[in-house]
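# Analysis of the macromolecular model
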Amino acid sequence: MFGLIGHLTSLEHAQSVADALGYPEYANQGLDFWCSAPPQIVDHFHVTSVTGQTIEGKYVESCFLPEMLMNRRIKAAIRKILNAMALAQKNSINITALGGFSSIIFEEFNLKDNKQVRNVSLEFDRFTTGNTHTAYVICRQVEQGSAKLGIDLSKATIAVCGATGDIGSGVCRWLDRNTNTQELLLIARNQERLKRLQDELGRGKIMGLEEALPEADVIVWVASMPKGVEINPETLKKPCLIIDGGYPKNLDTKIKHSDVHILKGGIVEHSLDIDWKIMEIVSMDIPSRQMFACFAEAILLEFEQWHTNFSWGRNQITVTKMEQIGTASVKHGFQPLLNW
Ligand code: NDP
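First things first, this report covers the structure right here in the doc. (Residues numbered from 1 in each chain as written. Predicted model: local features only at pLDDT ≥ 70, side-chain atom pairs only at ≥ 80, totals over all residues. Heavy atoms only, no water.)

Mapped onto the secondary structure, Glu-143 falls in helix α6 (residues 131-149). For Glu-143, the contacting residues outside a window of four places in its chain are Leu-153, Trp-174, Asn-178 and Thr-179. (Helix = DSSP H or I, 4+ residues; strand = E, 2+ residues; numbered from the N terminus. Contact = heavy atoms within 4.5 Å.)

Set out below in structure tokens:
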């Protein structure tokens, strides 16, 4: 059995879907209430591969909300993630993906030092961040989306916002190794980490967001922002492909411009329907088939019986592992989302 630990994008989102999640009593409650709410298993489903194999999964709602980080409710945020992991393990789930901010909180606050959660001793090899598959899917979206728009990567500039992050650094490694992209723009706040990435790649221009965006043919957003930023489409190149891989979305603007194309980044579509309700709650366009690539990683690990923390730690994602999970992804019938 595989598991998915997820959370909602905001307090407003949580209040609006509390009923559908199965806890209507939370609908009128504020952040304090969500800070004390325990994790719950809210969905139980089956996934069938195009190979014919069927596996069983459970969805754990952690009740974490990004507002907990914005309001410095750090202890509550940590509690949410550890309790959700303990619940997954108690339910004998072999491999569970830490979706959205779950893995970011795990790393940022060193939760590997908090193995004991009441009577559960967490076994970290039962969990994966899902970031290797997410990085792979985003890179395929860059390649296939650019081709669809007639953007020739050998003449293109790609800006990666969140380049030094776990997913961002994997994306940069792939783009450097597997494509002939002309120029990479590396964006993040910490200059030391940016310099280290630039040294590792042996290329890439370190730039601020404002100056980088107008130069980019393709923009990959993989920054861990609890709230999206607004950008003015007039300042962007035309055509421009934007791949927003953040959860919550990194872009706060609803851009309506015929030459600016926004792809939901790190989302895959399965070839067969899945009997879950959870993807409707997180607003996928085709909820029976679309999902976050990190969740799909747990599904792939269960299909392949690779019961190991395939993606773990920070900045460990290699092109070889991206290719390995990518091969499994294609084999079992997943495709990167390509509709804008
Ligand atoms: P990390 O924490 O590893 O990296 C985040 C990156 O964003 C770092 O480079 C960080 O650098 C940068 N960053 C953070 N804030 C800002 C800012 N204000 N301006 C510019 N750069 C910023 O995160 P992950 O790589 O694990 O995840 C990235 C995003 O992908 C998250 O939104 C996450 O929720 C989402 N995600 C999506 C998945 C999917 O399946 N679609 C799966 C997993 C994650 P610095 O701090 O130096 O600025």
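For the rest of this paragraph, the subject is the sheet that holds strand β16 (residues 334-336). Strands sit in the order β15-β14-β16 across an open sheet of 3 strands; the sheet is antiparallel. Looking along the sheet, the strands with just one partner apiece sit at the ends: β15 (290-292) and β16. When strand polarity is set aside, the average angle formed by the axes of neighbouring strands in this sheet is 35°. Pairing of strand β14 (residues 267-270) with β15, which is carried by 3 bridges, proceeds in the antiparallel orientation. The partner of Val-268 across the bridge, within β15, is Met-291. Helix α11 (residues 293-303) contacts β14, β15 and β16 of the sheet and is inclined by roughly 95° relative to β15. (Pairing = 2+ DSSP bridges. Axes fitted to C-alpha atoms, helices over the stretch in contact; angles between N-to-C directions.)

Under the definition given, this model contains 15 aromatic pairs. Residues Tyr-26 and Phe-33 carry aromatic rings whose centres are separated by 5.0 Å and whose planes lie at 75° to one another, so their mutual orientation is edge-to-face. Aromatic side chains Phe-106 and Phe-124 sit 5.3 Å apart centroid to centroid with 85° between the ring planes, which places their arrangement in the edge-to-face category. Of the two residues, Phe-106 is situated in helix α5 (residues 101-108) and Phe-124 in the loop between β6 (120-121) and β7 (127-128); the sequence distance between them amounts to 18 residues. For the pair formed by Phe-106 and Phe-124, the shared burial category is buried. Among the aromatic residues, those joined into a cluster by ring pairs are Tyr-23, Tyr-26, Phe-33 and Trp-34. Here the basic side chain of Lys-148 rests over the ring of Trp-340, its NZ or CZ set 4.5 Å away from the ring centre. Seen from the ring of Phe-310, Lys-321 lies directly overhead, with NZ or CZ sitting 4.3 Å from the centre. (Phe/Tyr/Trp six-rings, centres within 6.5 Å; stacked < 30°, edge-to-face > 60°. Buried < 20%, exposed > 50% of the residue type's maximum accessible area, 1.4 Å probe, protein only. Lys NZ or Arg CZ within 6 Å of the ring centre and 35° of its normal.)

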